[in-house]
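As a plain string of letters, each chain reads:
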Amino acid sequence: MKVLVIGGGGREHALVWKIAQSPRVKKIYCAPGNAGIAQWAECLPISAEDVKGLTARAEKEKIDLTVVGPEAPLTLGIVEAFRGKGMRIFGPTQKASEIEGSKAFAKDLMKKHGIPTGDSVTFADPESAIKYVKAKRPPLVIKADGLAAGKGVIICRTLEEALSALDLIMVQKAFGPAGARVLVEEFLEGEEASFLAFTDGDSVLPLPTSQDHKAIYDDDQGPNTGGMGAYSPAPVVTEKVNRDAIEKIMIPTVRAMAKEGKKYQGVLYAGLMIREEKCQVLEFNARFGDPEAQPLLMRMKSDLVPILEATIDGALSAHKMELEDRSSVCVVMASGGYPGSYQKGKVISGLEEAAKVRDTFVFHAGTAFHGGKVVTNGGRVLGVTALGNGIGEAIRKAYQAVERISWEGAYYRRDIGQKALKRIERGC
Ligand code: AMP
Ligand code: GLY
């Protein structure tokens, strides 16, 4: 069969890499792809948000299965567009992807259906938001309702910070229409984890547990990024938390979406805050996490393609997932300056040397070819991912490979996976 993967980041490289292992797949296309993906798939120069262009090309190439990586095409209705032409596509519909596209919708859904999450009030006018914030005690979390490329959540430690966040989002309109409504949410303490599951709108097939590292600097300092590294499994997700996440969050959410007339089929990603083995939802995403997909897909032994198809066909209950017992760790290497401004076009060296580290794979994110060389082409550039017997070995292997790669200004966190190691050492 012919498969098209939409997107061009580390998550999409991991999807292409995993799909390429399926004996059922003859050819893979990726739009737009990157320099790493180009070794496995034919890259099409079409933006992930060009729904019309992608639909036309998929029809022309007679693609059998399309897999959507990022959220933007989902919220633009790519699933309906493909289905309208009788083509099979993996991902939730526009209506269902509102669970990520509108934080106010997700919050209302959780409140209405008793899914555990922090208290929050939604405002459409700055005056009432300011009045409410002044009556509250900080810290508070202020969130733009719509998609804001991961920048629309502001943690406010003081009233002044909260007022300037409201001003930024509602008055200066820094995120455009995504900030037409804001949520003022209670600040939740604890440790975060990512919980992902396939769902066909009825059955839920969980992926292993994982944890992202959102902040740019070690010890979770500095501004948030798309994610600077991830590992799986995440020991903060104990057996009890895992059970609660499935029974109190994932299954009720899938049921709630169906009841609201927004049947959800695809990967559902819950960002969790965990404290003393209780978990609450911070947010939902309508897709695989990036970089979580890299260590998660590396741990998946089952063929991914039948699971993707069963998700589309409503036949997921017949599927199990075979997993690698080993742990996996992904260290993201980024351009100096990210998540602020950074330069592109830096020549990357050491990729071949890094590839020699056993059980390691270098997933490309922001890379391109220039003059026959692989150069940087984005903020997050590579996701160096390793399998190991235990998280400690996976960390060592991933960093061994990272140290063989260089370019001018390359930056990475040195503490990916340390939280898991400490938890294991403490025996909790
Ligand atoms: P979100 O996009 O809603 O997951 O928010 C991005 C990040 O902001 C999360 O990964 C958390 O680190 C942080 N965050 C969001 N909501 C809260 C909250 N209610 N309390 C504490 N931190 C939060
Ligand atoms: N790693 C966070 C995300 O994919 O949203």
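Coordinates for the structure precede this section.
From a predicted model like this one, the values you see are computed outputs, not experimental measurements.

A. Spatial organisation of the pattern of salt bridges. For the structure shown, the criterion picks out 30 salt bridges. When the shortest N-O distance is used, the salt bridge between Glu-98 and Lys-262 registers 2.7 Å. One end of the pair, Glu-98, is in helix 5 (residues 98-101); the other, Lys-262, is in the loop between helix 9 (239-259) and strand 16 (266-275), and 164 residues separate them in sequence. When its relative accessible area of 27% is taken as the criterion, Glu-98 is described as partly exposed. Given the relative accessible area of 15%, Lys-262 is considered buried.

B. Spotlight on helix 13 (residues 391-402). Over its 12 residues, helix 13 extends 16 Å from the first C-alpha to the last, a length consistent with the 16 Å expected when each residue adds 1.5 Å. For helix 13, the tally of buried residues reaches nine of 12 residues, placing the bulk of the element in the interior. Those residues of helix 13 that are buried are in contact with strand 15 (229-232), strand 18 (327-334), helix 12 (351-355), strand 19 (360-364), strand 22 (380-388) and helix 14 (418-426).

C. Quick peek at the sheet that holds strand 17 (residues 278-285). An order of 11-10-16-17 is seen for the four strands of this open sheet, with the pairing classed as antiparallel. Taken across any chain shown, the strands that pair with only one partner, and hence form the sheet edges, are strand 11 (204-206) and strand 17. For this sheet, the mean angle separating the axes of adjacent strands, direction not counted, is 35°.

D. A look at the packing of aromatic side chains. The final tally for this structure, using the stated rule, is 11 aromatic pairs. Relative to Phe-361, the ring of Trp-40 has its centre 5.9 Å away and its plane inclined at 65°; by these criteria the two rings are edge-to-face. Here the residue Trp-40 occupies a position in the loop between strand 2 (27-32) and strand 3 (42-43), and Phe-361 occupies one in strand 19, the gap between them amounting to 321 residues. Of the residues examined, Phe-361 reaches a relative accessible area of 18% and is grouped as buried. Cation over ring: Lys-262 sits above Phe-105, and NZ or CZ is 4.9 Å from the ring centre.

E. The site of ligand 1, seen in detail. Around ligand 1, 15 residues are found, and the nearest of them are Glu-185, Glu-186, Leu-188, Glu-192 and Glu-283. In the environment of ligand 1, an oxygen atom lies 3.0 Å from a nitrogen or oxygen atom belonging to the side chain of Lys-214. When isolated, ligand 1 has an accessible area of 470 Å², and the protein chains bury 91% of it. Mapped onto the shell around ligand 1, the elements with two or more residues apiece are strand 7 (140-144), strand 8 (153-156), strand 9 (182-186) and strand 17. Of the residues that constitute the shell around ligand 1, the class distribution is seven nonpolar, one polar and seven charged.

F. Seen up close, the nonpolar core. Ile-78, Ile-99 and Ile-405 are the most contacted members of the largest nonpolar core, which has 75 residues in total. Per element, the largest residue contribution to this core is eight residues, and it comes from helix 9. With near-sequence residues (within four places) excluded, Ile-405 lies in contact with Met-333, Ile-348, Ser-349, Gly-350, Leu-351, Ala-354, Val-362, Leu-382 and Val-384. Listed in part, the 39 residues of the second largest apolar core include Val-5, Trp-17, Val-25 and Met-321.

G. A look at the packing of helix 1 (residues 10-19) against helix 11 (residues 304-313). Packing of helix 1 against helix 11 leaves a shortest axis separation of 9 Å and a crossing angle of 110°. Viewed along their axes, helix 1 and helix 11 adopt a mutual orientation that is roughly perpendicular. Two secondary-structure elements touch here, helix 1 through Leu-15, Lys-18 and Ile-19 and helix 11 through Leu-304, Val-305 and Leu-308.

Rules behind the numbers
Residues numbered from 1 in each chain as written. Chains lettered and ligands numbered in written order. Predicted model: local features only at pLDDT ≥ 70, side-chain atom pairs only at ≥ 80, totals over all residues. Heavy atoms only, no water. Salt bridge = Lys/Arg side-chain N within 4 Å of Asp/Glu carboxyl O. Helix = DSSP H or I, 4+ residues; strand = E, 2+ residues; numbered from the N terminus. Buried < 20%, exposed > 50% of the residue type's maximum accessible area, 1.4 Å probe, protein only. Expected span 1.5 Å × (residues − 1). Contact = heavy atoms within 4.5 Å. Pairing = 2+ DSSP bridges. Axes fitted to C-alpha atoms, helices over the stretch in contact; angles between N-to-C directions. Phe/Tyr/Trp six-rings, centres within 6.5 Å; stacked < 30°, edge-to-face > 60°. Lys NZ or Arg CZ within 6 Å of the ring centre and 35° of its normal. Near = heavy atom within 4 Å. Polar contact = N/O pair within 3.5 Å; in protein donor to acceptor, adjacent residues only side chain to side chain. Areas by Shrake-Rupley, 256 points an atom, 1.4 Å probe, with all protein chains shown as cover. Nonpolar A, V, L, I, M, F, W, Y, C, P; charged D, E, K, R; others polar. Core = buried A, V, L, I, M, F, W, Y, C linked by side-chain atoms within 4.5 Å. Parallel < 35°, antiparallel > 145°, perpendicular 65-115°, else oblique.

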